[in-house]
Amino acid sequence: MRPRTQYKNAAQVIAVSAIAFSLGACGFQLRGAPPVSSALEPLNLDCEAPVPASVCHSVQEQLELGDIELASGEDANYHLRIRNFKQDRRASAITVQAAAAEYTLRHSVDLELISADGVPIIASTSLTTSESYRYDETNVLAKQREEENLQQQLSDRLAQQIIFRLAPITPERLQDVRDNHQKASAPGDSQPSKP
């Protein structure tokens, strides 16, 4: 009876693994970002150094999963600009011996979405994400790997925040932004004309 139980457990593990693999292969994500409107197509993704490739790649991957058409600069209707990456690592807790017991990692970028004719759809906005981890000086290599994993997670979170900022932009909202921009840039009618 015991070999049968082991066989059943092994079969369950294989089945769960197969389902997880299938879901991953088809693009399913447990914490996936909301869909981005096709009204922003074609979209140019413009990442400027020192923005890490991991952030740019994560944003591009999310857009491609959402079937958003990407284009080069001159062929795009909208330009998503990601700039001014900043990375910070600070001790957030100290031991009695004045050694770091915990570190906080922080990543931030500036995001801006502009139409091909220069209308700011999303004005320059700063996005930030952070994560803390315990530091153990007796296990430096493991903590270094943990920090590298957290750095990747922070890049993925920034990418998700960027997609969340794009998600509410519908054709109606784009039209409202354009109308408001035209009103703001038109010469004022409130000035009385001189005789």
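Preceding this paragraph is the structure being described.
One structure accompanies this document, and this report is about it. (Residues numbered from 1 in each chain as written. Predicted model: local features only at pLDDT ≥ 70, side-chain atom pairs only at ≥ 80, totals over all residues. Heavy atoms only, no water.)

**Considering the overall build of the protein**
At step 1: For the protein, the count of helices and strands is 4 helices and 4 strands.
At step 2: Relative to its 195 residues, the protein shows a buried fraction of 30%.
At step 3: When contacts within the protein are restricted to residue pairs at least 6 apart in sequence, long-range pairs at least 24 apart make up 71% of them.
At step 4: Summing over all exposed atoms, the protein offers an accessible surface of approximately 12900 Å²; the carbon and sulfur share of this is 51%. (Helix = DSSP H or I, 4+ residues; strand = E, 2+ residues; numbered from the N terminus. Buried < 20%, exposed > 50% of the residue type's maximum accessible area, 1.4 Å probe, protein only. Contact = heavy atoms within 4.5 Å. Areas by Shrake-Rupley, 256 points an atom, 1.4 Å probe, with all protein chains shown as cover.)

**Concerning the pattern of salt bridges**
Pairs may arise between side chains of opposite charge once their charged atoms sit close together.
At step 1: Per the stated rule, a full pass over the model turns up 6 salt bridges.
At step 2: Across the salt bridge formed by Arg-90 and Asp-88, the nearest N and O atoms sit 2.6 Å from each other.
At step 3: Using a relative accessible area of 25% as the deciding quantity, one classes Asp-88 as partly exposed.
At step 4: Residue Glu-131 is joined to Arg-157 by a salt bridge in which the shortest nitrogen-to-oxygen separation is 2.5 Å. (Salt bridge = Lys/Arg side-chain N within 4 Å of Asp/Glu carboxyl O.)

**Focus on unusual backbone geometry**
At step 1: Along the chain, Glu-41 connects to Pro-42 via a cis peptide bond; the corresponding omega equals -20°.
At step 2: Residue position: Pro-42 is located in the loop between helix H1 (2-25) and strand E1 (43-47).
At step 3: The omega angle of the peptide bond from Ala-49 to Pro-50 is 15°, so this bond is cis rather than trans.
At step 4: Mapping Pro-50 onto the fold places it in the loop between E1 and helix H2 (53-65).
At step 5: For Asn-84, which is not glycine, the phi torsion reads 55° and is therefore positive.
At step 6: Tracing the chain through its elements places Asn-84 in strand E2 (residues 78-94).
At step 7: Classification of Asn-84 as partly exposed rests on a relative accessible area of 41%.

**Some remarks on the state of the cysteines**
At step 1: All chains considered together, the criterion is met by 1 disulfide.
At step 2: For Cys-47, the disulfide goes to Cys-56, at an S-S distance of 2.2 Å. For the disulfide bridge between Cys-47 and Cys-56, the dihedral angle about the S-S bond is near -130°, and by the sign convention the bridge is left-handed.
At step 3: According to the relative accessible area criterion, Cys-47 is partly exposed, its value standing at 25%.
At step 4: Residue Cys-56 is classed as buried on the basis of its relative accessible area, which comes to 13%. (Disulfide = S-S within 2.5 Å.)

**Digging into the nonpolar core**
At step 1: With 28 residues, the main nonpolar core has Leu-80, Leu-113 and Leu-166 as its most contacted residues.
At step 2: Listing elements by their share of this core, those giving two or more residues are H2, E2, strand E3 (100-115), strand E4 (120-134), helix H3 (140-166) and helix H4 (171-185).
At step 3: By residue number, the principal contributor to this core is H3, which donates 5 residues.
At step 4: Setting aside its immediate chain neighbours within four residues, Leu-113 contacts Leu-40, Leu-43, Tyr-78, His-79, Leu-80, Val-119, Pro-120, Ile-121, Ile-122, Leu-166 and Ile-169.
At step 5: Core analysis: the next-biggest nonpolar cluster, separate from the first, contains 5 residues, Tyr-103, Leu-105, Tyr-133 and Leu-154 among them. (Core = buried A, V, L, I, M, F, W, Y, C linked by side-chain atoms within 4.5 Å.)

**Some thoughts on the side chain of His-79**
At step 1: Inspection of the secondary structure puts His-79 in strand E2.
At step 2: Each residue touching His-79, except ones within four places of it in the same chain, is listed here: Leu-43, Asn-44, Gly-73, Glu-112, Leu-113, Ile-114, Ser-115 and Ala-116.

**Structural notes on the side chain of Gln-151**
At step 1: With respect to the secondary-structure elements, Gln-151 resides in helix H3.
At step 2: Judged by relative accessible area, Gln-151 falls into the buried class, the value being 16%.
At step 3: In this structure, Gln-151 is in contact with Gln-87, Leu-105 and His-107, ignoring residues within four places of it in sequence.

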